[in-house]
Amino acid sequence: MSSYNLTHLKELESEAIFILREVAAQFEKPVMLFSGGKDSIVMFHLARKAFHPGKIPFPLMHVDTGHNFPETIKFRDDLIKETGETLIVKYVQESIDRGTAIEETGPNPSRNGLQTITLLEGLEEGKYDCAMGGARRDEEKARAKERFFSHRDEFGQWDPKNQRPELWNLFNGRKKIGEHFRVFPISNWTEMDVWQYILHENISLPSLYFSHKRKVVNRDGVLLAKCEYITLNKNEKWEEMDIRCRTIGDMTCTGVCMSEANSLEKIIEEVASTRITERGGRADDKRSEAAMEDRKKEGYF
């Protein structure tokens, strides 16, 4: 890796660590959202660096849809066992059982949107005044509108036209009772930055990110991995391919990509040459032109 890339990554790392420490200083009860995906793993790694040699001064929270890749859950549990950090798991199924969330119907009902309800319930229950997420501005056009410190009203909702200016690394975390903030420490990172940092820091990842054989179905141009939550439509069939995940989420909407990249170096080469965006295979983003922005206004990550 060139000296330029190392300097660039060091600057991004320093910025993220500064923001994590600002969160610890400004908020009374923050929590870090953790999905088991590469971005939240990097953010967790940065938090451990920021507060070393002590423990991270806030818990992690995973909103579990119940439709996760099994490899993701195993990696999550192994990581927490290895590091000894605190993990809180909130289940979408419990929101459905309470009647606060309604299960979708159809051939592949997604619980991705239902995470918003479970997340807001979890934040209210824990009285958290700040929730950190691993979202990046290059992922999607709605996320490009986010500040580092993103204000949420008393209903947990986001107004992209009512965000505070952030000048000279000054972050305003003031809020009224009942309001909270979402904070995104790696906002300025790109997908390539994340992969190069993972390589440089030798960070472990779920096996899903590397090429492996898996049965998939091509649904409207999106390759979906075989699971019990997807019902084949007429004329659809499972086909075994060499695939990997670029992003990890609910199995019913997380598209995989054909790939032979079985190492970090090969993944970096692949990312450098691709013309498809990281979330280009996410079926939930294809529901409408403003799908992500609509979900974020309701309280999504």
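All values derive from a computational prediction rather than experimental measurement.

Engineer: Quick question: what am I supposed to make of the pattern of salt bridges here?
Structural biologist: When the charged atoms of two side chains with opposite charge come close together, those side chains can pair. Applying the stated criterion across every chain, the model contains 18 salt bridges. In this structure, the salt-bridge partner of Asp78 is Lys74, at a minimum N-O distance of 2.7 Å. Of this pair, Asp78 and Lys74 both sit in helix α3 (residues 70-83), four residues apart, roughly one helical turn. When its relative accessible area of 38% is taken as the criterion, Asp78 is described as partly exposed. Overall, the relative accessible area of 54% leaves Lys74 in the exposed class. Across the pair Arg136 and Asp138 runs a salt bridge, and its minimum N-O distance is 2.9 Å. In this structure Asp138 comes out as partly exposed when scored by relative accessible area, which is 39%. Several salt bridges converge on common partners, so that one network encompasses Lys10, Glu13, Lys49 and Glu201.

Engineer: So what exactly am I meant to see when it comes to the packing of aromatic side chains here?
Structural biologist: For any two aromatic rings, the description comes down to two numbers: the centre-to-centre distance and the angle of the planes. Scanning all chains against the criterion turns up seven aromatic pairs. A centroid spacing of 5.6 Å and a plane angle of 80 degrees characterise the contact between Trp195 and Tyr209, whose relative ring orientation is edge-to-face. Linking Trp195 in helix α6 (residues 191-201) with Tyr209 in the loop between α6 and β7 (212-219), this pair joins segments that are 14 residues apart in sequence. Accessibility assignment for this pair places Trp195 and Tyr209 in one class, buried. Positioned above the aromatic ring of Tyr128 is the side chain of Lys29, whose terminal nitrogen or guanidinium carbon lies 5.2 Å from the ring centre.

Engineer: Sorry if this is basic, but what is going on with the sheet that holds strand β4 (residues 130-132) here?
Structural biologist: Within a beta sheet, neighbouring strands are joined by backbone hydrogen bonds and run either parallel or antiparallel to one another. The six strands lie next to each other as β3-β2-β1-β4-β6-β5, forming an open sheet whose pairing is mixed. Both edges of this open sheet fall to β3 (87-91) and β5 (149-152), since each of them pairs with a single strand only. The mean angle between the axes of side-by-side strands here comes to 30 degrees, regardless of whether they run parallel or antiparallel. In this structure, strand β2 (residues 60-64) lies alongside β3, joined through five bridges in parallel fashion. Across the sheet, the residue bridging to His62 is Val89, located in β3. Sheet strands in contact with helix α2 (residues 38-50) are β1 (30-33), β2 and β4, and its direction is about 140 degrees off that of β1. Each of β1, β2, β3, β4 and β6 (180-183) touches helix α5 (residues 115-126); the most contacted strand, β2, lies at about 145 degrees to it.

Cut-off values and rules
Residues numbered from 1 in each chain as written. Predicted model: local features only at pLDDT ≥ 70, side-chain atom pairs only at ≥ 80, totals over all residues. Heavy atoms only, no water. Salt bridge = Lys/Arg side-chain N within 4 Å of Asp/Glu carboxyl O. Helix = DSSP H or I, 4+ residues; strand = E, 2+ residues; numbered from the N terminus. Buried < 20%, exposed > 50% of the residue type's maximum accessible area, 1.4 Å probe, protein only. Phe/Tyr/Trp six-rings, centres within 6.5 Å; stacked < 30°, edge-to-face > 60°. Lys NZ or Arg CZ within 6 Å of the ring centre and 35° of its normal. Pairing = 2+ DSSP bridges. Axes fitted to C-alpha atoms, helices over the stretch in contact; angles between N-to-C directions. Contact = heavy atoms within 4.5 Å.

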